[in-house]
Amino acid sequence: MKKKTLGILTVLLLLILSACSSKEENNADADVEVYPLEVDLTVTEKVEVGDTVQMEAIVTYGDEKVADADEVVYEIWEEGKKDESYKIEATNEKDGSYTAETSFDHDGLFHVQVHVTAKQLHTMPVKEVTVGNGGHYENSGEEHDHGHAEGFSMHFNELDGVTTGEEIDLTTHIQMEEKPMENLNVRYEIWNDAEENGKHEWADASESSAGEYKASYQFDQAGTYKVQIHVKDDEDLHEHETVTIEVTE
């Protein structure tokens with residue numbers, strides 16, 4: 001009888017200790033403060049043809065400067081030519097700042113957008129650079145950033161080395177005025193122009209974190225695919241952008 005009673009007391013004690021431990025862990029999680037990822041982007045805003053454009057992004061999380069960001073990449077394109085953008089990996093200065101430089105060989109208006117991933121967050125502020133006389137662009141106000149609403153931006157995570165039969169994640173970060181846009185309806189429309197039937201498939205995305213929309217997809221055949229990202233909210237927002245993915249056997 002004593003052994004039975006002792007066994008019951010032991011089990012009860014273990015349950016109590018387990019509950020206390022779980023409560024302490026939950027309290028610890030509740031005490032962790034979540035801050036926005038802030039990026040102060042500065043660029044040389046006015047240069048002559050051939051001059052060096054200095055780019056610097058200072059990354060902070062709360063009061064802490066982030067010296068170990070997962071990725072910092074500068075994307076640069078001329079007004080109306082977002083599809084022809086190029087990217088430059090930033091140099092980590094180990095003090096929370098990430099730098100790079102570039103130059104331009106003709107007059108024009110150029111956009112510099114820095115893509116920063118850190119603390120499981122993503123942000124992508126953008127600045128403009130005027131080169132020489134700034135160039136002339138017909139209907140530039142309508143064509144800017146593919147006709148997106150003012151302050152709206154989206155960034156699709158580029159995919160390299162995609163093969164048939166491999167399940168991949170289609171991921172897009174979406175912001176308004178450099179802040180994550182949440183609770184959106186995001187769908188990926190996928191097709192291959194080379195296919196005779198011209199079949200379009202759809203993949204519905206879920207919000208994996210604030211402003212990040214992800215969907216799993218598998219390509220069954222090799223080829224060059226178009227992926228159009230459709231973005232809607234509960235009001236009148238309707239944006240889209242198309243990217244290209246190369247798939248091999």
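Note on numbering: residues in each chain are counted from 1, in written sequence order. Whole-chain, interface and lining totals are the exception, using all residues; otherwise, since this is a predicted model, local features are given only for residues with pLDDT of at least 70 and side-chain atom pairs are given and counted only at 80 or more. By convention in this description, side-chain values take in all heavy atoms of the structure and omit both hydrogens and water.

Colleague: Teacher, can you tell me more about the overall build of the protein here?
Modeller: Helix and strand definitions follow DSSP, with helices as H or I runs of at least four residues and strands as E runs of at least two, each counted in order from the N terminus. Within the protein one finds two helices and 21 strands. By the burial criterion, 37% of the 249 residues in the protein qualify as buried. By the convention used here, residues are in contact when the closest approach between their heavy atoms is within 4.5 Å. Sequence-distant contacts in the protein: of pairs separated by 6 or more residues, those separated by 24 or more amount to 63%. Here, Shrake-Rupley sampling with a 1.4 Å probe gives the accessible areas, and only protein chains in the shown set may cover a residue. Summing over all exposed atoms, the protein offers an accessible surface of approximately 15000 Å²; the carbon and sulfur share of this is 46%. Exposure categories follow from relative accessible area, calculated using a 1.4 Å probe and restricted to protein chains: below 20% of the type maximum is buried, above 50% is exposed, and the middle band is partly exposed.

Colleague: Even after reading the chapter, I still don't get the confidence of the model for the protein, so can you show me in this structure?
Modeller: Atom-level detail of predicted coordinates should not be read off regions where pLDDT is low. When pLDDT is averaged across the protein, the result is 85; 82% of the residues are at 70 or more. Predicted confidence in the protein is weakest over helix α2 (residues 140-143), with a mean pLDDT of 42, and strongest over strand β8 (residues 97-102), with 98. One number per residue, pLDDT, summarises how confident the predictor is, and it ranges from 0 to 100.

Colleague: Would you explain the layout of surface pockets in this entry?
Modeller: Over the atoms rolls a probe the size of a water molecule, and its path tells where empty space is left. The pocket and cavity definitions rest on a 1 Å grid over protein atoms only: a 1.4 Å probe that fits but cannot leave marks a cavity, an open set with protein on both sides within 12 Å along at least five of seven lines marks a pocket, and residues lining either have an atom within 4 Å of a point. Grid points are joined across faces, edges and corners, and a volume is the space filled by probe spheres set on the points. Of the voids in this model, the largest pocket is the one considered here, and its volume is about 490 Å³. If you go around the largest pocket, you meet 19 residues; those closest to its centre are Ser-85, Glu-158, Thr-242, Val-243 and Thr-244. Listing elements by their share of the lining of the largest pocket, those giving two or more residues are β12 (152-156) and β21 (238-248).

Colleague: How do you make sense of the environment of Ala-215 when you look at a structure like this?
Modeller: Its place among the elements puts Ala-215 in strand β19 (residues 212-218). Separated by 27 residues in the primary sequence, Ala-215 and Tyr-188 have C-alpha atoms spaced 7.9 Å apart.

Colleague: How do you make sense of the packing of aromatic side chains when you look at a structure like this?
Modeller: Each pair of aromatic rings is reported with the distance of its centres and the angle of its planes. Between 30 and 60 degrees the pair is tilted, below 30 it is stacked and above 60 it is edge-to-face, where a pair is any two Phe, Tyr or Trp rings, Trp via its six-membered ring, whose centres lie within 6.5 Å. If you walk through the whole model with that rule in mind, you get five aromatic pairs. When the centroid spacing of 3.9 Å and the interplanar angle of 25 degrees are considered together, the rings of Phe-104 and Phe-110 count as stacked. Here Phe-104 matches Phe-110 in class, with each residue buried. Seen from their ring centres, Phe-219 and Tyr-225 are 4.6 Å apart, and the 55 degrees between their planes marks the pair as tilted. The same class applies to Phe-219 and to Tyr-225, which are both buried. Taken together, Tyr-217, Phe-219 and Tyr-225 form an aromatic cluster joined through their ring pairs.

Colleague: When you look at the environment of Ile-168 in this model, what are you seeing that I'm missing?
Modeller: Looking at where Ile-168 falls in the secondary structure, it is placed in strand β14 (residues 167-176). Measuring from C-alpha to C-alpha, the distance between Ile-168 and Gln-218 comes to 6.3 Å, with 50 residues separating the pair along the chain. The contacts of Ile-168, once residues within four sequence positions are left out, are Leu-159, Val-162, Ala-215, Ser-216, Tyr-217 and Phe-219.

Colleague: It is not clear to me how the pairing of β8 should be interpreted in this structure. Could you clarify?
Modeller: For two strands to be treated as a pair, DSSP must find at least two bridges joining them. Examined bridge by bridge, strand β3 (residues 53-61) and β8 share six bridges and lie antiparallel to one another. Following the sheet pairing, Ala-57 is matched in β8 by Tyr-98. Pairing analysis gives two bridges linking strand β7 (residues 91-92) to β8, with the strands arranged antiparallel. Residue pairing across strands places Thr-91 opposite Thr-99, the latter belonging to β8.

Colleague: Just to check I follow, could you spell out the sheet that holds β21 for this structure?
Modeller: Backbone-to-backbone hydrogen bonds join strands into a sheet, with any given pair of strands oriented parallel or antiparallel. Read from one edge to the other, the open sheet built from five strands follows the order β13-β21-β20-β16-β17, with strand pairing classed as mixed. Of all the strands in the sheet, the pair left with one neighbour each is β13 (162-163) and β17 (200-204). Pairing analysis gives five bridges linking strand β16 (residues 185-191) to β17, with the strands arranged antiparallel. Directly across from Tyr-188, in β17, lies its bridge partner Ala-203.

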